[in-house]
Amino acid sequence: LQFDETRIFRIKPNCEPDINEMGYRGLTFDRENENDIRRVLFLGDSFIMGHNVEMDETIAAAVSRRLGAGYEVLNLGVLAYGPDQSLVGLIEDGLDLNPDMVILGIFAANDFQDLDHNGIFSVDEGGRLAQNDQNVVTERTPGLQTLFMFYRLQAYLQPRVDPRHRFLSRRYEFMMNQIVYDTYDWDLLYFPESEKSREKIDLMRAVLMRFKEELNSKEIIFSVVNIPSYQNIVDPSEFEGKGIGSEHREEFEEAKENDFFGPEDIVVELCEDLEIPILNLYPEFIELDGEERFSLYDEDDWHLSVVGNRFSGDLVATELVRPL
């Protein structure tokens, strides 16, 4: 990963065999779309990137297989990205790929938190999205020229000074880990009416509105896929191991009995208010029995498993072909 002044960080191009020259997962993207096929872009975080599965096992790959010839599905997901970073990625990279449709994957359990933490955008008095003068990266890091000189110095001295532990880059890596690390949004889960939660919700609304306006102006279809958390689907007791005290456990169970699923429901409400088509995976997941639900997730890192990616991709593809 490398710091980026507009989207906080990005993946270094060609850093791995499955990372292309644009820094996304997949083979080289044909910018011109010379074959004149219908192109779908997927944006989102690690659930869309599928960093815990192989390149041909992601949601995007499953959709591509189901749609077949005449369609192309490009994966612009980046681990730990919030919808704000995906928006910047769309504007800087995605629109140049001439898509016919853009699908934003939202992982509501931490995406609201990302918007607040990153500091890329704020909401103006009219409720519209405004870009901030500073964000979490520009406030903490030197200018690009200084960073460039740092990289050059490190490349020259590192083998001589500390080839194994990379002494010169420890501070850089510490800052990157702080920025990339995602936490669940407990405030929004338990206190959705608090002032802080309302600020996050307003910011998410403004980001979604900007997506819609940007794409509608270019006659590109925009939609959202709502991805539920491991805890909401498989085992809510796991919340206790991630900072939630036992005093909130009963509240969570009671909320589920009343069909409230926290941030996931808020995303659905926002999309419905903004008239943005949304595929909510929660009811599809929850209808499965316990063992099938468990198979949708990787129990070690709580991301979608190979089965979960394929199941989700098939649901998305079904919705895309239904009008046809």
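What counts, and at which threshold
Residues numbered from 1 in each chain as written. Predicted model: local features only at pLDDT ≥ 70, side-chain atom pairs only at ≥ 80, totals over all residues. Heavy atoms only, no water. Phe/Tyr/Trp six-rings, centres within 6.5 Å; stacked < 30°, edge-to-face > 60°. Helix = DSSP H or I, 4+ residues; strand = E, 2+ residues; numbered from the N terminus. Buried < 20%, exposed > 50% of the residue type's maximum accessible area, 1.4 Å probe, protein only. 1 Å grid on protein atoms, 1.4 Å probe; cavity = no way out; pocket = protein on both sides within 12 Å on 5 of 7 lines; lining within 4 Å. Points joined across faces, edges and corners; volume = space filled by probe spheres on them. Nonpolar A, V, L, I, M, F, W, Y, C, P; charged D, E, K, R; others polar. Contact = heavy atoms within 4.5 Å. Pairing = 2+ DSSP bridges. Axes fitted to C-alpha atoms, helices over the stretch in contact; angles between N-to-C directions. Lys, Arg positive; Asp, Glu negative; His and termini not counted. Salt bridge = Lys/Arg side-chain N within 4 Å of Asp/Glu carboxyl O.

Caption draft 1: Inspection of the packing of aromatic side chains at higher detail. Within this structure, the stated rule accounts for nine aromatic pairs. Considering the side-chain rings of F9 and Y81, the 5.2 Å spacing of their centres and the 70° angle between planes classify their relative orientation as edge-to-face. A residue pair is termed long-range when its members are at least 10 positions apart, and F9 in strand β2 (residues 8–10) and Y81 in the loop between β4 (71–75) and α3 (83–92) qualify at 72 residues. Taking relative accessible area as the criterion, F9 reaches 1% and is therefore assigned buried. The buried category is assigned to Y81, whose relative accessible area is 2%. Through a chain of ring-to-ring contacts, three or more aromatic side chains come together here, namely F47, F107, Y184, Y230, F285, Y297, W302 and F311.

Caption draft 2: Focus on α3. Counting buried positions along α3 yields eight of 10 residues, so the element is predominantly enclosed. P83, D84, Q85, S86, L87, V88, G89 and L90 are the residues of α3 that are buried.

Caption draft 3: Inspection of the layout of surface pockets at higher detail. Reported here for the largest pocket is a volume of approximately 520 Å³. Around the largest pocket, the lining is made up of 19 residues, and of these N110, D182, Y184, D301 and H303 lie nearest the centre. Tallied by class, the residues present in the lining of the largest pocket amount to nine nonpolar, five polar and five charged. Its volume calculated, the second largest pocket comes out at about 430 Å³. Looking at the second largest pocket, it is lined by 21 residues, and the ones nearest its centre are M101, I221, S223, E319 and L320. Only β3 (38–43), β5 (101–106), β8 (221–226), β9 (278–280) and α14 (306–321) provide two or more residues apiece to the lining of the second largest pocket. No other element matches β8, which puts five residues into the lining of the second largest pocket. In the lining of the second largest pocket, the residues fall into 16 nonpolar, one polar and four charged.

Caption draft 4: Fine view of the environment of R31. Within the secondary structure, R31 is located in the loop between β2 and β3. A sequence separation of 68 residues divides R31 from P99, and the C-alpha atoms of the two residues are 9.7 Å apart. When neighbours within four sequence positions are excluded, R31 is seen to be in contact with M22, R39, D96, L97 and N98.

Caption draft 5: Molecular detail of the sheet that holds β8. Taken in spatial order, the five strands line up as β4-β3-β5-β8-β9 in an open sheet, and their pairing is parallel. A strand with exactly one partner marks an edge of an open sheet, and here the two such strands are β4 and β9. Sheet twist, expressed as the average angle between the axes of neighbouring strands with direction ignored, equals 20°. The sheet contact formed by β3 and β4 spans five bridges and is parallel. Residue pairing in the sheet places R38 in a bridge with Y71 of β4. Of the strands in this sheet, β5, β8 and β9 are in contact with helix α11 (residues 263–273), which crosses β8 at around 160°.

Caption draft 6: Inspection of unusual backbone geometry at higher detail. Despite not being glycine, A80 shows a phi value in the positive range, around 70°. Relative to the assigned elements, A80 resides in the loop between β4 and α3. Here A80 falls in the buried class, since its relative accessible area comes to 9%. Backbone geometry at W302 places phi at a positive 70°, although glycine is not the residue there. By the element assignment, W302 lies in the loop between α13 (290–295) and α14. Residue class for W302 comes out buried when judged on its relative accessible area of 14%.

Caption draft 7: Quick peek at the side chain of D111. Along the chain, D111 turns up in helix α4 (residues 108–118). One buried charged residue, D111, remains without a salt bridge, the closest side chain of opposite sign being K200 at 12 Å. Setting aside chain neighbours within four positions, we find D111 in contact with D45, Y81, G82, P83, G105, I106 and M204.

Caption draft 8: Layout of the pattern of salt bridges. This structure, assessed with the given rule, holds 13 salt bridges. One salt bridge connects R7 with E92, and the closest N-O pair in it is separated by 2.6 Å. Linking R7 in the loop between β1 (2–4) and β2 with E92 in helix α3, this pair joins segments that are 85 residues apart in sequence. Look at E92 and you get partly exposed, because its relative accessible area is 32%. For K196, the salt bridge goes to E199, with nearest N and O atoms at 3.8 Å. In this pair, K196 and E199 are both assigned in helix α8 (residues 195–216), three residues apart and thus about one turn of the helix distant. Take K196: its relative accessible area is 35%, and that puts it in the partly exposed class. Bridged by salt links that share partners, the residues D4, R7, R10, E92 and D93 form one connected network.

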